[in-house]
Structure formats: C-alpha cells, structure tokens
Amino acid sequence: YERADEMKARIVRMSEEQLNREALQEAAAMFDLTEREREILVLVALGKPRKAIAAELFISEDTVKTHTRNLYKKLGVHSKKDVQALFDDGSPLKG
C-alpha cells in the first residue's frame, strides 16, 4: 500500500484547481490501471453509484462491479469510501 500512500501525498500537494479528471487519470497510471478502470476510478471518486456509472459508460452494472473489484485490488482499497478518501483532501471533484 506504499504506492497508495505515495499517490495520496502527491495529490495532497496539488492545488485544488490542478486536481481534476486529468490529474486522476495521470495518478491512475501509477497503478497500471486499464483505460476502463481509469474511467471508473474517476466516476467512483466523483461519488457516482454503480447504476449511473453503467449508464454513462454504456456497460452493465455487473461489468462495473467487476472492473470496480479489480480497481480496488490494484489500489489496495476495499470500498468506494476508501477510493474517495484517496481524493478527499479538498474534495476537488465534488465542488
């Protein structure tokens, strides 16, 4: 989970204006996420529910669940709240 701590420290250092979808995408590259996992990371960090993610990405809720499970494993987290906590300092995605 050292990489997650490293990523969180980097994100905390960024100004609120810099922390946006693009910055999340860049941070996701640290974890070797697939393009779909990167998309889902952004939407999870935004607090979107599984149904909304599925609709936005034109995939089934089961597919979202599978990608989310893989994403959590790569990030070393266990829930949506854990993912949001990585990006919660200043809550730039929710503002």
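Just so you know, these numbers come straight off a predicted model, no measurement behind them.

Asker: Would you explain the packing of helix α3 (residues 35–45) against helix α4 (residues 50–57) in this entry?
Answerer: When two helices pack together, their arrangement is given by the angle between the helix axes and the distance between those axes. It is at 10 Å that the axes of α3 and α4 come closest, and there the two elements cross at 135°. Taken together, the axis directions place α3 and α4 in an arrangement best described as oblique. In this structure, α3 meets α4 at a crossing whose hand is right-handed. The segment α3 lies against α4, with Arg36, Glu39, Ile40, Leu43 and Val44 engaging Ile53, Glu56 and Leu57. Looking at the contact of α3 with α4 residue by residue, the class counts come to five nonpolar, no polar and three charged.

Asker: How should unusual backbone geometry be read in this particular structure?
Answerer: One can expect most non-glycine residues to show negative phi and most peptide bonds to be in trans. With phi around 55°, Asp32 is a residue other than glycine that occupies positive phi space. Even without being glycine, Phe58 reaches a positive phi, approximately 60°. By the secondary structure assignment, Phe58 is in the loop between α4 and α5 (61–75).

Calculation criteria
Residues numbered from 1 in each chain as written. Predicted model: local features only at pLDDT ≥ 70, side-chain atom pairs only at ≥ 80, totals over all residues. Heavy atoms only, no water. Axes fitted to C-alpha atoms, helices over the stretch in contact; angles between N-to-C directions. Helix = DSSP H or I, 4+ residues; strand = E, 2+ residues; numbered from the N terminus. Parallel < 35°, antiparallel > 145°, perpendicular 65-115°, else oblique. Left-handed = near helix turned anticlockwise from the far one by under 90°. Contact = heavy atoms within 4.5 Å. Nonpolar A, V, L, I, M, F, W, Y, C, P; charged D, E, K, R; others polar.

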